[in-house]
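Descriptive structure summary
Single-letter residue listing:
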Amino acid sequence: MADSVHKKYLWAPALLLLAACGQQPALPAVAGGASTVAPSTSRPPAEPGTLAALDPCTLLSPQDRSAAGVSVLGKPKDIAGARACDWTVPASFGVTVTLDERNGLADLAVAKKTATRTTVGAHPALRVSDKKAADGTCAVLLGVGDSGSVQVDVSNSGFTDTTLACRRAGTVAGLVEPKLP
């Protein structure tokens, strides 16, 4: 994996982490921007067993949300063309789950110094955090086949305690993973 980050992914973690906090980032057009527009309901029917068949907001059941410390319902979002769901726990943390049907884990370029290879259930994964920055953010990227991925981003309020953010991201990834194709 290259140390450099491809332009189209340079801002993706920031987009997702800011979206988890309910903030609207002002980023260059290259990132695709984030919007709060729900995905179009005129999508063609998805093949069962694919990411396209999943609704990101249903990946955390009420029991899953309770186990993850999430006391709110998720809100659908579109982040850089990918379907996502955002749960923001006021004055605590936010979590965003994004389904990327176009880019597999190998296609996602992240800096080696911030990524740790791991496995979540049956899926290969990367845990991405910058412990030196200590910014209270962490992501777990799950590979789904060769051309899909699911990104779980956590951002703590006050942007502190990266270790806690990674623990939360790992918990949510573990709850979401069994529902993935």
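Quantities reported herein were computed from a predicted structural model and do not represent experimental measurements. (Residues numbered from 1 in each chain as written. Predicted model: local features only at pLDDT ≥ 70, side-chain atom pairs only at ≥ 80, totals over all residues. Heavy atoms only, no water.)

A word on the overall build of the protein chain
When its secondary structure is counted, the protein chain shows four helices and eight strands. Listed N to C, the secondary structure of the protein chain is α-α-β-α-β-β-β-β-β-β-β-α in terms of helices and strands. For the protein chain, the residues scored as buried account for 44% of the 181 residues in total. Across the protein chain, the fraction of contacts at a sequence separation of at least 24, relative to all contacts at a separation of at least 6, is 58%. As displayed, the protein chain offers around 8900 Å² of accessible surface, 57% of which is attributable to carbon and sulfur atoms. (Helix = DSSP H or I, 4+ residues; strand = E, 2+ residues; numbered from the N terminus. Buried < 20%, exposed > 50% of the residue type's maximum accessible area, 1.4 Å probe, protein only. Contact = heavy atoms within 4.5 Å. Areas by Shrake-Rupley, 256 points an atom, 1.4 Å probe, with all protein chains shown as cover.)

Let's talk about the pattern of salt bridges
Taken as a whole and assessed by the stated rule, the structure comprises two salt bridges. Across the pair Lys179 and Asp64 runs a salt bridge, and its minimum N-O distance is 2.2 Å. Of this pair, Lys179 sits in the segment after helix 4 (162-176) while Asp64 sits in helix 3 (residues 62-68), placing them 115 residues apart in sequence. According to the relative accessible area criterion, Lys179 is partly exposed, its value standing at 32%. Glu101 is paired through a salt bridge with Arg83; the nearest N and O atoms lie 2.9 Å apart. (Salt bridge = Lys/Arg side-chain N within 4 Å of Asp/Glu carboxyl O.)

Comments concerning helix 4
Taking 1.5 Å of rise per residue, 15 residues should cover 21 Å, and helix 4 covers 21 Å from first to last C-alpha, within 8% of that figure. Among the residues of helix 4, Thr162, Ala165, Cys166, Arg168, Ala169, Val172, Ala173, Leu175 and Val176 are the ones counted as buried. Summarising the contacts, the buried residues of helix 4 are in contact with helix 3, strand 4 (93-100), strand 5 (115-120), strand 6 (123-128), strand 7 (137-144) and strand 8 (148-156). (Expected span 1.5 Å × (residues − 1).)

Section: the confidence of the model for the protein chain
Confidence in the prediction for the protein chain averages 79 pLDDT; 73% of positions are at 70 or higher. In the model, residues 1-45 has pLDDT below 50 throughout and makes 81 contacts with residues more than four positions away in sequence or in other chains. (pLDDT = per-residue confidence, 0-100.)

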